[in-house]
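Examination of the molecular architecture
Each chain is listed here by its residues.
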Amino acid sequence: MLRAGNVGLPNVGKSTLFNAVVANAQAQAANFPFCTIEPNVGLVTVPDARLEVLAKISNSEQILPARVEFVDIAGLVKGASKGEGLGNQFLANIREVDCIVHVVRCFDDDDIIHVHTTVDPARDIEIINLELVLSDLGQAEKRIERARKEMRTKKEAAVEVAALEKLLPALEEGLSARTVALDDDEKAALKHPGFLSLKPIIYAANVSENDLATGNAYVEAVRAIAAKEGSQVVVISAQVEAELVELSAEDRAEFLDSLGVKEGGLQSLVTATYDLLGLQTHFTTGPKETRAWTIHKGDKAPKAAAEIHSDFEKGFIRAETVAYADLAEHGSMAACKAKGLVRMEGKEYVVAEGDVMEFHLSV
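Heads up: these notes are all about the structure in this document.

Scoring rules and cut-offs
Residues numbered from 1 in each chain as written. Predicted model: local features only at pLDDT ≥ 70, side-chain atom pairs only at ≥ 80, totals over all residues. Heavy atoms only, no water. Phe/Tyr/Trp six-rings, centres within 6.5 Å; stacked < 30°, edge-to-face > 60°. Helix = DSSP H or I, 4+ residues; strand = E, 2+ residues; numbered from the N terminus. Buried < 20%, exposed > 50% of the residue type's maximum accessible area, 1.4 Å probe, protein only. Lys NZ or Arg CZ within 6 Å of the ring centre and 35° of its normal. Contact = heavy atoms within 4.5 Å. Pairing = 2+ DSSP bridges. Axes fitted to C-alpha atoms, helices over the stretch in contact; angles between N-to-C directions. Core = buried A, V, L, I, M, F, W, Y, C linked by side-chain atoms within 4.5 Å. Parallel < 35°, antiparallel > 145°, perpendicular 65-115°, else oblique. Left-handed = near helix turned anticlockwise from the far one by under 90°. Nonpolar A, V, L, I, M, F, W, Y, C, P; charged D, E, K, R; others polar. Salt bridge = Lys/Arg side-chain N within 4 Å of Asp/Glu carboxyl O.

Side note on the packing of aromatic side chains
Overall, the coordinates contain two aromatic pairs when judged by the stated rule. Measuring from ring centre to ring centre gives 6.3 Å for Phe 283 and Tyr 324, while their planes differ by 45 degrees; the resulting arrangement is tilted. In this pair, Phe 283 is assigned in strand 8 (residues 279–285) and Tyr 324 in helix 13 (residues 324–330), connecting sequence segments 41 residues apart. Residues Phe 283 and Tyr 324 agree in their burial class; the two are buried. The ring of Tyr 324 has Arg 50 sitting right over it, with the charged end atom 5.9 Å from the ring centre.

In structure tokens:
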């Protein structure tokens, strides 16, 4: 399951946002630093209107959306990499996630204390990113000495050493590991202990309700930084998300429309996360259930089958496959088969976004 970690300075709206997007979450949100000490974890279902359509076609008993695990990590401060503000504990929490949602304060409010008095997204981003870099620098310096010794007995250690030798100069200059060009083998070699500044980042620009549709100068500052490092930006309002929780689906749509936006922050975050990590969705559907499955773009059919059960990859024979758009248009598998839209795909088939699949397996 995909794990996304919310990070940022204290009092930027992280826990308020977490409470709003995670069903039944009980993350404490209050107007003082270090309000969140232990990380709060919540499961979020991935919104996908296609599931309802497929469930209706199959007359499914239940719908099972894909899920994302959100981890609300306590606010970091300058000096976190040296233990300030319980920083070592919080940095360890970040190490366990697949991607980072960096919540950045992009609103003015005299009633909400900013840990550095003024609102300055560029400064705030620099503080957090530098703490991640400094933590990585310490890890890299320790790891390279160990890896060099391991080269005598382990061939794979040479790849790690080569990767670390690329990484260290950038980290010493205060640059994120994400800015270093690494091949797939080098990235795999650095997966453990998990370099923090190598993790993909989505900047969640937290704005007031009035700026949700248009953004503001603070948001533009965040976008400029993200563009330089190839990161994503999502404009979100924790204030609006908190209000949406109390509304029905119909009232939510009307409220968002009145603000000039088409979707809530959860949908925006999930879409950006999938895009950043190169993920996509395929479906299985039948009378018992309609279900969404998350795989990486480029995965072949046996790998998609393995998401259902690890044994399915070994026993894979073929996959009966139809595009979601075709099934939705024609209303049944029988109609799609009559029009030649259902395909039998083998082991080398690269799964497409929205494929509806039934796997045939050896017993």
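Moving on, there is more to tell.
Let's talk about helix 11 (residues 301–308)
Ala 301, Pro 302, Ala 304, Ala 305 and Ala 306 are the residues of helix 11 that are buried. Those residues of helix 11 hidden inside the fold are in contact with strand 8, strand 9 (289–296), helix 12 (310–315), strand 10 (316–323) and strand 12 (355–361).

Side note on the sheet that holds strand 6 (residues 201–206)
One open sheet accounts for six strands, arranged 2-4-1-5-6-7; its pairing is mixed. The sheet is open, and its two edges are formed by strand 2 (40–45) and strand 7 (232–236), each paired on a single side. On average, each strand axis in the sheet is inclined to that of its neighbour by 25 degrees, with strand direction left out of account. Direction of pairing for strand 1 (residues 2–7) relative to strand 4 (residues 67–72): parallel, over a ladder of five bridges. From the neighbouring strand, Arg 3 faces strand 4, where its bridge partner is Glu 69.

Here we look at the nonpolar core
Ranked by internal contacts, the top residues of the largest apolar core, which has 66 residues, are Phe 70, Ile 94 and Tyr 274. The next biggest cluster of nonpolar side chains, apart from the first, holds 15 residues, and it includes Val 133, Leu 164, Leu 167 and Ala 170.

Details of the side chain of His 102
Here His 102 is to be found in strand 5 (residues 99–105). According to the relative accessible area criterion, His 102 is buried, its value standing at 2%. Once residues lying within four places of it in the same chain are set aside, the contact partners of His 102 are Val 7, Gly 8, Asp 124, Ile 125, Ile 128, Asn 129, Ile 201, Ile 202, Tyr 203 and Ala 204.

Focus: the packing of helix 4 (residues 121–150) against helix 5 (residues 157–172)
Direction vectors running N to C along helix 4 and helix 5 enclose 150 degrees, while the axes themselves pass 9 Å from each other. Comparing the axis directions of helix 4 and helix 5 gives the class roughly antiparallel. The two elements helix 4 and helix 5 meet at a crossing, and its hand is left-handed. Facing helix 4, whose interface residues are Val 133, Asp 136, Leu 137, Ala 140, Glu 141, Arg 143, Ile 144, Ala 147, Arg 148 and Glu 150, helix 5 presents Ala 157, Glu 160, Val 161, Leu 164, Glu 165, Leu 168, Leu 171 and Glu 172. In terms of residue class, the contact of helix 4 with helix 5 is built from ten nonpolar, no polar and eight charged.

Details of the pattern of salt bridges
Enumeration according to the criterion identifies 15 salt bridges in this entry. Residue Asp 124 is joined to Arg 123 by a salt bridge in which the shortest nitrogen-to-oxygen separation is 2.9 Å. Given the relative accessible area of 3%, Asp 124 is considered buried. You can call Arg 123 partly exposed: its relative accessible area is 21%. A salt bridge links Glu 145 to Arg 148; its shortest N-O distance comes to 3.4 Å. One end of the pair, Glu 145, and the other, Arg 148, are both in helix 4, three residues apart, so they sit about a helical turn from each other. Since its relative accessible area comes to 43%, Glu 145 is described here as partly exposed. Because the salt bridges share partners, they merge into one network encompassing Asp 48, Arg 50 and Glu 353.

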